[in-house]
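Structure assessment
One letter stands for each residue in the lines below.
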Amino acid sequence: MSAYDRLRQAIEQEERAVLFTIIEGDAVGAHLLVLESGERVGSGVPDELVGQADELIRGHRNQILELGDRRVFAEVYGPPPRLFVYGAVDTANSLCAAARLLGWRTIVADARGKFATPERIPNAEELIVAWPEEALARIKPDHATAIVVLTHDDKFDVPALKAALASEAFYVGALGSRRNQERRRERLVEAGVSEDEVDRIHGPCGLDVGAESQPETALSILGEIVAVRNGREGGSLKQSKQRIHAEVAE
């Protein structure tokens, strides 16, 4: 099977992969496909570059790499990121609507079946009626998953955040006042979560845009999620010293 045939199969099966193509230097035109599982198809690409495959996949961005006289284009493939929201409240629907505009997959869970319904949350692609631990065990959050907890009840918040922090999710956020965040911190530490892990929580979640309505709150939260995924602070571009668009590594 050629690298392109295997890539087509990987796309259909929603596997993550990076396709290396030598665009300058020895063996120009050679292809090597490396899947997240470690499987390789093709040849001609130096091992020094192939060893970066996992980092490239997690970075979710195409790059041009250099090694000696060779320049190699690394093209990343994979399914869209996922947004998992615990708490089937109105803000959850606004969050899902915004995320779907970005092409993300949206999942909402709640133990209260009367809340987690298609009528109330029409923008969720998947609805799960389950307690936090069960819901998170079902979706298996990975490094391309963002988790937002919107409930305001310790019996939901604490297990949801504890399970989220035990996962690879690149973002864990919680809605609520600063007083609520401190109370959650105390409860999580009591539940055995380390201080360092608790510090991963973005809470209160969202960027400071003065949000008042639910759609504005969703915009604030999703803006922070995108910034975190791209390794940015999420401040004003006018004040930023970084390039506006992500740089291509050379």
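Here the structure is a predicted model, which is why all the values come from computation and not from measurement. (Residues numbered from 1 in each chain as written. Predicted model: local features only at pLDDT ≥ 70, side-chain atom pairs only at ≥ 80, totals over all residues. Heavy atoms only, no water.)

**So, the pattern of salt bridges**
Using the criterion set out here, one finds 22 salt bridges in the structure. As a salt-bridge pair, Asp154 and Arg183 come within 3.4 Å of each other at their nearest N and O atoms. Of this pair, Asp154 sits in helix α6 (residues 154-165) while Arg183 sits in helix α7 (residues 178-190), placing them 29 residues apart in sequence. Taking the shortest distance from any N to any O, the salt bridge between Arg185 and Glu195 comes out at 2.4 Å. Of this pair, Arg185 sits in helix α7 while Glu195 is found in helix α8 (residues 195-198), placing the two residues 10 residues apart along the sequence. We classify Arg185 as partly exposed; its relative accessible area is 22%. (Salt bridge = Lys/Arg side-chain N within 4 Å of Asp/Glu carboxyl O. Helix = DSSP H or I, 4+ residues; strand = E, 2+ residues; numbered from the N terminus. Buried < 20%, exposed > 50% of the residue type's maximum accessible area, 1.4 Å probe, protein only.)

**What to know about the environment of Ile201**
Mapped onto the secondary structure, Ile201 falls in strand β11 (residues 201-202). Sequence separation between Ile201 and Val172 is 29 residues, and the spatial gap between their C-alpha atoms is 5.2 Å. Setting aside residues up to four positions removed in sequence, Ile201 forms contacts with Leu161, Leu165, Val172, Ala174 and Leu188. (Contact = heavy atoms within 4.5 Å.)

**So, the sheet that holds strand β6 (residues 82-86)**
Spatially, β8-β7-β6-β9-β10-β11 is the arrangement adopted by the 6 strands of the open sheet, whose pairing is parallel. The open sheet terminates on both sides in strands that have one partner only, identified here as β8 (126-129) and β11. Alignment of strand β9 (residues 145-149) against strand β10 (residues 171-174), held across 4 bridges, turns out to be parallel. From the neighbouring strand, Ala146 faces β10, where its bridge partner is Tyr171. Against the sheet, helix α4 (residues 90-101) contacts β6, β7 (105-110) and β9, and its axis sits at roughly 165° relative to β7. Its contacts with the sheet put helix α9 (residues 214-229) on β6, β9, β10 and β11, and the angle it makes with β10 is roughly 155°. (Pairing = 2+ DSSP bridges. Axes fitted to C-alpha atoms, helices over the stretch in contact; angles between N-to-C directions.)

**Side note on the packing of α4 against α9**
Between α4 and α9, the least distance of the axes is 8 Å, while the angle of their chain directions is 55°. On the basis of their axis angle, the class for α4 and α9 is oblique. Crossing of α4 over α9 shows right-handed handedness. Within the contact between the two elements, α4 uses Asp90, Thr91, Ser94, Leu95, Ala98 and Ala99 and α9 uses Gln214, Pro215, Thr217, Ala218, Ile221 and Leu222. Grouping the amino acids of the contact of α4 with α9 by side-chain chemistry returns 7 nonpolar, 4 polar and 1 charged. (Parallel < 35°, antiparallel > 145°, perpendicular 65-115°, else oblique. Left-handed = near helix turned anticlockwise from the far one by under 90°. Nonpolar A, V, L, I, M, F, W, Y, C, P; charged D, E, K, R; others polar.)

**Topic: the environment of Pro80**
Here Pro80 is to be found in the loop between β5 (70-77) and β6. Taking the relative accessible area as the measure of exposure, Pro80 reaches 28% and is therefore partly exposed. For the pair Pro80 and Trp104, spaced 24 residues apart in the sequence, the C-alpha separation amounts to 5.4 Å. In contact with Pro80, not counting residues within four places along its chain, are Gly103, Trp104 and Arg105.

**Some remarks on the sheet that holds β5**
Judged by pairing direction, the sheet is antiparallel, and its 5 strands sit side by side in the order β3-β2-β1-β5-β4 without closing on themselves. Either end of the sheet is taken by a strand with one partner, and the two such strands are β3 (40-42) and β4 (63-67). Across this sheet, the average inter-strand angle for adjacent strands is 25°, counted without regard to direction. The pairing of strand β1 (residues 17-24) with strand β2 (residues 31-35) spans 5 bridges and is antiparallel. Its bridge partner being in β2, Val18 is matched across the sheet by Val34. Helix α1 (residues 3-12) contacts β1, β2, β3 and β5 of the sheet and is inclined by roughly 30° relative to β2.

**Some words on the pairing of β9**
The buried fraction of β9 amounts to 5 of the 5 residues, a majority that puts the element mostly inside the structure. Burial along β9 is two-sided: Thr145, Ile147 and Val149 and Ala146 and Val148, pointing in opposite directions, are all buried. Alignment of β6 against β9, held across 5 bridges, turns out to be parallel. Each bridged residue has a counterpart across the sheet, and for Arg82 the counterpart in β9 is Thr145. In this fold, the crossover linking β9 to β10 by way of α6 has right-handed handedness. (Right-handed = clockwise from strand over helix to strand, strands pointing away.)

**Observations concerning α9**
Compared with an ideal rise of 1.5 Å per residue, which puts 16 residues at 22 Å, α9 spans 22 Å between its outermost C-alpha atoms and is within 8% of the ideal. Buried residues along α9 sit in contact with β6, α4, β9, β10 and β11. Its side-chain oxygen placed 3.3 Å from the backbone nitrogen of Glu216, Ser213 serves as the N-cap of α9. Just beyond α9, the residue with positive phi is Gly231, at close to 70°. (Expected span 1.5 Å × (residues − 1). Polar contact = N/O pair within 3.5 Å; in protein donor to acceptor, adjacent residues only side chain to side chain.)

Purely geometric numbers; function is a separate question.
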